[in-house]
Amino acid sequence: SFHNMGRITRAKPVKLIAGFIFKDEKYLRNAEAVLARKFGKIDFKSQSMPFNFTDYYAQELGSNLKRAFISFQNLICPKSLSSVKAVTNHIEKNLSSGGNRLINIDPGYLDAARLILASTKDYAHRVYLDKGIFAEITLIFKGHSFKALEWTYPDYKSEEYIDIFHKIREIFLRQCQPIPRT
């Protein structure tokens, strides 16, 4: 008897976000413009914040790095994250100088329950999507807030970031409300 089998449902749309690490605001503006052409209107932009959680990017991007996040108005299908990451890798390449990137772009998405980041690296806590891209659940929404997991990057645990993801989640939840009938 198959009556216990879960009904297969269609993936619900999710909210595309991108995080940036950069030295110069002009590369951020540049990347935002290209991304908006690709993925549609940007409906949220964070402030630029100092990025001093790791020296990992210093050699390539320089010192005194900044971090910012944006989200896009158009909701996407979760499985398209791998295509988005392929596009952002391509944009990084175009926005590079002498073989060094001028900006790092981390696409991901959030919905009511979680924040997912795309990665090219395989780890035990990542799930393969497509096109060499993995998905990582970076934060889960529990109670009234996003909560970190044991592998969550230190900066993604910070109050500053979580506050931004709350704002983007609010926009997402409003977008998902049924249109009232008049």
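Here the structure is a predicted model, which means the values were calculated and not measured.

**Re the packing of aromatic side chains**
A complete count under the given rule lists 15 aromatic pairs for this structure. Ring geometry for phenylalanine 39 versus phenylalanine 72: centroids 5.9 Å apart, planes at 75°, classification edge-to-face. Separated by 33 residues along the polypeptide, phenylalanine 39 in helix α1 (residues 25–39) and phenylalanine 72 in strand β4 (residues 66–76) bring together distant segments of the chain. Assigned by exposure class, phenylalanine 39 and phenylalanine 72 land together as buried. Seen from their ring centres, phenylalanine 53 and tyrosine 161 are 6.1 Å apart, and the 70° between their planes marks the pair as edge-to-face. With a gap of 108 residues between them, phenylalanine 53 in the loop between β3 (49–50) and α2 (58–61) and tyrosine 161 in helix α4 (residues 159–176) connect regions that are remote in the sequence. In this structure phenylalanine 53 comes out as partly exposed when scored by relative accessible area, which is 38%.

**Focus on the pairing of β4**
With 8 bridges joining them, strand β1 (residues 14–22) and β4 adopt antiparallel strand pairing. Residue valine 14 lies in a different strand from β4, and its bridge partner there is isoleucine 76. Alignment of strand β2 (residues 42–45) against β4, held across 3 bridges, turns out to be antiparallel. Looking at the pairing, isoleucine 42 lines up with phenylalanine 72 of β4.

**Observations regarding the pairing of strand β8 (residues 114–119)**
For β8, the buried fraction is high: 5 of the 6 residues fall into the buried class. Inspection of the sheet shows strand β7 (residues 103–110) paired to β8 by 3 bridges, in the antiparallel sense. Among the inter-strand pairings, glycine 108 is bridged to a residue of β8, identified as leucine 117. Counting the residues in the hairpin turn of β7 and β8 gives 3 residues. Note: β8 against strand β10 (residues 133–142), 6 bridges, orientation antiparallel. Opposite alanine 118, over in β10, you have alanine 135 as the bridge partner.

**Brief notes about the state of the cysteines**
Scanning the entire structure with this criterion turns up 0 disulfides. Here cysteine 77 is not cross-linked by a disulfide; its sulfur's nearest cysteine counterpart is in cysteine 176, at 14 Å. By relative accessible area, which is 42% here, cysteine 176 ends up partly exposed.

Rules of the game
- Residues numbered from 1 in each chain as written.
- Predicted model: local features only at pLDDT ≥ 70, side-chain atom pairs only at ≥ 80, totals over all residues.
- Heavy atoms only, no water.
- Phe/Tyr/Trp six-rings, centres within 6.5 Å; stacked < 30°, edge-to-face > 60°.
- Helix = DSSP H or I, 4+ residues; strand = E, 2+ residues; numbered from the N terminus.
- Buried < 20%, exposed > 50% of the residue type's maximum accessible area, 1.4 Å probe, protein only.
- Pairing = 2+ DSSP bridges.
- Disulfide = S-S within 2.5 Å.

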